Amino acid sequence: MGKYKYVEVKDLINPKEPYKDEYIRIQQLVESGDLAPVKNSKFNGRVPPLYNRYRKPVTVKKMISEPNQMIGPNLSSSYYMKHPKQWNEDKDDVLKLQDWLNNRPQQLEPYPEYIRSAEIFGNEKTLSRKGEALCTRLKIDPESLVCYPAASEIKEFVVKDKGTILITENLAPYDQIRNHLAETNLVGVLYGQGWNVANVLTTFLHNHPDANYTYLYWGDLDPEGIRIYEALVQKHSEVEINPCTLLYQKQASEPASPIETNQKPLVSELFLNQMPDLLRLTIQNGFDNRNRWAQEIIKNPENLL
């Protein structure tokens, strides 16, 4: 016998609709088997009459046994036991991932996500498309895959394997400095792609494991630009990354523009604490008045480097 729940007729009737229309709708649900009247609940006293209570079938999800049989004890099968359709879609990838986890070496070198994906699934895009979902469903720590999101595009121009590299938030300043790198004291410039900057640097470090660089960072002088820098520093504490004070001083000496309305106020003082006192005060006053300074306001940044 199936499971039911009881519902009051007043909860079935939409008060915004004519009662007779609701009567017809409920009768149609009874005829289709989606509702069953509780006849001892008596009528509701309206014309035409409806019973005061109805039984409504409760759909119970069927569990399947195949996931429990095929997924080993180190992974969780509970999600797929309750979602057979998803199991059919994910089964091949789950088994490939399980096989890789069971046979992987204890010590693994971190690789970009697309390389690890090809290694596990034979497809370089599987991890980016559904890796997070697979880990959640199988209750796997994503860190166990020992990979990192690769930047979609790495723009770098480096001429030596030792020295200082400038990471710039936006593309136009990257192009300007790249074209005039020989006029600076830098050995390279790296385009940070805004909020993707941490992934950009991760990929760069992976591709240059033996180089000896220090890093300067330069971005928009607004709360979001500063948060991008602070997120980068927190992600890559293994290397030295300092804000390029000379460029920020030049920015703050130029006319400011209004901050976009969707930018949240700055909370952390990690960035501001690295600024000279006068520059720090100028920046803070600008932010208090909802002002900002874009990178592009400096026409020839190479002259300060």
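Just so it is clear, the model here is predicted, and its values are computed rather than measured. (Residues numbered from 1 in each chain as written. Predicted model: local features only at pLDDT ≥ 70, side-chain atom pairs only at ≥ 80, totals over all residues. Heavy atoms only, no water.)

**Some points on the overall build of the chain**
Scanning the chain from terminus to terminus reveals 12 helices and 12 strands. Considered along the principal axes of its C-alpha atoms, the chain spans approximately 90 × 55 × 30 Å. Here the chain, with 305 residues, has 38% of them falling under the buried criterion. Counting only contacts in the chain whose residues sit at least 6 apart along the sequence, the fraction spanning at least 24 positions is 68%. Of the roughly 17800 Å² of accessible surface on the chain, a fraction of 49% belongs to carbon and sulfur atoms. The averaged location of the 40 negative side-chain charges in the chain is 14 Å from the averaged location of its 37 positive side-chain charges. (Helix = DSSP H or I, 4+ residues; strand = E, 2+ residues; numbered from the N terminus. Buried < 20%, exposed > 50% of the residue type's maximum accessible area, 1.4 Å probe, protein only. Contact = heavy atoms within 4.5 Å. Areas by Shrake-Rupley, 256 points an atom, 1.4 Å probe, with all protein chains shown as cover. Lys, Arg positive; Asp, Glu negative; His and termini not counted. Charge placed at Lys NZ, Arg CZ, Asp CG, Glu CD.)

**Side note on the nonpolar core**
Grouped together as the largest cluster of nonpolar side chains are 40 residues, with contacts concentrated most on Leu 201, Tyr 215, Tyr 217 and Phe 271. Among the elements that make up this core, the one with the highest residue count is helix α9 (residues 197-207) (five residues). With 16 residues, the next largest nonpolar core counts Leu 75, Trp 87, Val 94 and Ile 140 among its residues. (Core = buried A, V, L, I, M, F, W, Y, C linked by side-chain atoms within 4.5 Å.)

**Re the sheet that holds strand β2 (residues 36-37)**
With respect to topology, three strands assemble into an open sheet ordered β1-β3-β2, the strand pairing being antiparallel. Looking at strand neighbours, the two that pair on one side only are β1 (4-8) and β2, the edges of this open sheet. Across five bridges, β1 lies against strand β3 (residues 53-57) in antiparallel orientation. Paired with Lys 5 across the bridge in β3 is Lys 56. (Pairing = 2+ DSSP bridges.)

**Remarks on the packing of aromatic side chains**
Applying the stated rule across the entire model yields 11 aromatic pairs. With 6.5 Å between their ring centres and 80° between their planes, Tyr 51 and Tyr 54 make a pair best called edge-to-face. Owing to a relative accessible area of 1%, Tyr 54 belongs among the buried residues under this scheme. Taking the centre distance of 6.3 Å and the plane angle of 40° together, the rings of Tyr 174 and Tyr 191 count as tilted. One end of the pair, Tyr 174, is in helix α8 (residues 171-179); the other, Tyr 191, is in strand β8 (residues 188-191), and 17 residues separate them in sequence. Note on accessibility: Tyr 174 and Tyr 191 belong to one class, buried. Across the ring face of Tyr 19, the terminal group of Arg 46 is positioned such that the distance to the ring centre comes to 3.9 Å. Above the ring of Tyr 4, the side-chain terminus of Arg 55 is found at 4.4 Å from the ring centroid. (Phe/Tyr/Trp six-rings, centres within 6.5 Å; stacked < 30°, edge-to-face > 60°. Lys NZ or Arg CZ within 6 Å of the ring centre and 35° of its normal.)

**Some details on helix α5 (residues 84-103)**
With 20 residues, α5 ought to run about 28 Å at 1.5 Å a step, and its terminal C-alpha atoms sit 27 Å apart, in line with that. Along α5, the residues that are buried comprise Gln 86, Trp 87, Asp 90, Asp 93, Val 94, Leu 97, Gln 98, Trp 100 and Leu 101. On its buried face, α5 sits against α3 (66-70), α4 (78-82), α6 (113-121) and α7 (126-138). (Expected span 1.5 Å × (residues − 1).)

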